[in-house]
Structure formats: structure tokens, C-alpha cells
Amino acid sequence: MAARVGVIPADFELKDDQDATVRFSDMKGKGPFVIYFYPKDDTPGCTKEACSFRDSHEAFIKAGAVVYGVSSDSVKKHVEFKKQYRLPFSLLSDEGNKLRKLWEVPRGGLFPGRVTYVFDKEGKIHLMFEGVMKNTEHMEKALEMVQKLAAEMPAPADVAPSSEEAKEGGDENPKPSDEEPAPAPEQSE
């Protein structure tokens, strides 16, 4: 079934950059989430896009959203790409383009398509944005939709942390080191 606005697409299983299995069904139920498809790790346009998601990652977290990048690169290649550019989100390996085919992700001419989907917590698509040459616009459109979805969600009840969480200090998002991440390249694909 084609992944289009208003649809809950078919479930999938892919390996992430930690070689863990990630399922679409496991993404649902927590809050809005983003899955962006890009052609290839470590190419100028794809790096610029990944870095735009990296640089706005805190805004996605504030909206309660999780971001996933997907390409046909291997887990090993994703590990290198993620480390080089200090990407704080998961990269999923779609070797053989099985998910692209399952969801009928549009192609971008000669390249695999650059398509971003934004989902509500039930897994329904609220935004599908295409454009091979619109590298950073994908993040901008995704963030705008995620913030809209977050504003529509009922606020969670104020819950005090458990005594165990308070003891541990529970910082799930440790601050990055002072070392600057590698900049995105200036040129586009």
C-alpha cells in the first residue's frame, strides 16, 4: 500500500545504526514521529539534510517527536555517517529498498526519492513532502507539522518522577560534548 497523507502505512522491520531491529508498529503510541527517506549517506545534499535535522533536533524533542532517517546504506555506513556528523537520531538501513518498494516511495529522477513523512502517534501520515533538491526544506516542513500535531495533543498530567528516577537523575538526553559537529557541505545534489 502506498504511503500517502491520511493513511497508516504497512508495518516494517529495519536495522538501525546500532544493529537493533526497529518496527513501525513500535514507533506508534508515543507521540508524533518523522521518517525521512534520503538517497545516500555522505553525499552533499543528504548530509545537508541530515545536518538540518541534527541542528533542529532539540525543537523536535520539545514537540515530543522522534526522527528517523532511512536510506539503502548498510548499518556500517550509517554508523560512520552518524558519527562523522554527530547525528542524534536513528538511521535505518533499507538495503535492497524493500521499505521504499513497500510504501511506494516516489523516486527523484535518477536517484532514490527524498521524501519526508510526518506521523501522528497512531501512525497516520499527516505530511508527505517530496523534493530531491529541497534538502533543508524537509526539516522545516516536518518541524512545522510536528509542532502542529503536538499543539493538538492533550497535555500529559503532571507526574512527579518516581523515587528511583529522582535518585538516578535520569537525564535521557545527555548534553553533547563541546566538540563542534562537522558542518554540512555547501553544495547540493
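Being a predicted model, the structure only gives us computed values, none of them experimental.

Quick look at the pattern of salt bridges now. One pass over the full model with this rule turns up seven salt bridges. Ionic pairing is found between Arg54 and Asp55, a salt bridge with its closest N-O pair at 2.8 Å. For Arg54, a relative accessible area of 12% gives the class buried. Several salt bridges share partner residues, and in doing so they unite Glu13, Arg23 and Asp26 into one network.

Ranked by internal contacts, the top residues of the largest apolar core, which has 25 residues, are Val34, Tyr36, Phe53, Phe60 and Val118. Mapped onto this core, the elements with two or more residues apiece are strand S3 (33-37), helix H2 (44-55), helix H4 (75-85), strand S7 (125-130) and helix H6 (137-152). Of all the elements, H6 adds the most residues to this core, at six residues. The next biggest cluster of nonpolar side chains, apart from the first, holds 20 residues, and it includes Ala3, Trp103, Val115 and Phe119.

Moving on: the side chain of Asp73. Relative to the elements of secondary structure, Asp73 occurs in the loop between strand S4 (66-71) and H4. Accessibility expressed as a relative area gives 7% for Asp73, which makes it buried. In this structure the side chain of Asp73 is engaged in a polar contact, spanning 2.6 Å, whose partner is the backbone nitrogen of Asp41. Looking at Asp73, its side chain comes within polar contact range of the side chain of Ser71, at 2.7 Å. Each residue touching Asp73, except ones within four places of it in the same chain, is listed here: Lys40, Asp41, His78, Ser93, Asp94 and Glu95.

What follows deals with the pairing of strand S1 (residues 13-16). Pairing of S1 with strand S2 (residues 21-23), which is carried by three bridges, proceeds in the antiparallel orientation. Residue pairing for S2: Glu13 is matched across the bridge by Arg23. The loop that links S1 with its antiparallel partner S2 comprises four residues; one of these, Asp19, has a positive phi angle of about 65 degrees. In the sheet, S1 pairs with strand S5 (residues 90-93) via two bridges, with the strands oriented antiparallel. The partner of Asp16 across the bridge, within S5, is Leu92.

Position of Asp19 relative to the elements: it lies in the loop between S1 and S2. In the structure, Asp19 is positioned 59 residues away from His78 in sequence and 10.0 Å away in space, judged by C-alpha atoms.

So, about the confidence of the model for the protein. Across the protein, the average pLDDT comes to 84, with 80% of residues at or above 70. Here helix H7 (residues 163-168) stands out as the least confident element of the protein, with mean pLDDT 45; S5 is the most confident, with 98.

A separate point is the sheet that holds S5. The strands that make up a sheet pair up through hydrogen bonds in the backbone, lying either parallel or antiparallel. One open sheet holds the seven strands; their spatial order is S2-S1-S5-S4-S3-S6-S7, and the pairing between them is mixed. Across the chains shown, the open sheet's two edge strands, defined by having one partner strand only, are S2 and S7. Between one strand axis and the next, the sheet turns by 30 degrees as a mean value, whatever way the strands run. Of the pairings in the sheet, the one linking S3 to S4 comprises five bridges and is parallel in character.

Conventions and cut-offs
- Residues numbered from 1 in each chain as written.
- Predicted model: local features only at pLDDT ≥ 70, side-chain atom pairs only at ≥ 80, totals over all residues.
- Heavy atoms only, no water.
- Salt bridge = Lys/Arg side-chain N within 4 Å of Asp/Glu carboxyl O.
- Buried < 20%, exposed > 50% of the residue type's maximum accessible area, 1.4 Å probe, protein only.
- Core = buried A, V, L, I, M, F, W, Y, C linked by side-chain atoms within 4.5 Å.
- Helix = DSSP H or I, 4+ residues; strand = E, 2+ residues; numbered from the N terminus.
- Polar contact = N/O pair within 3.5 Å; in protein donor to acceptor, adjacent residues only side chain to side chain.
- Contact = heavy atoms within 4.5 Å.
- Pairing = 2+ DSSP bridges.
- pLDDT = per-residue confidence, 0-100.
- Axes fitted to C-alpha atoms, helices over the stretch in contact; angles between N-to-C directions.

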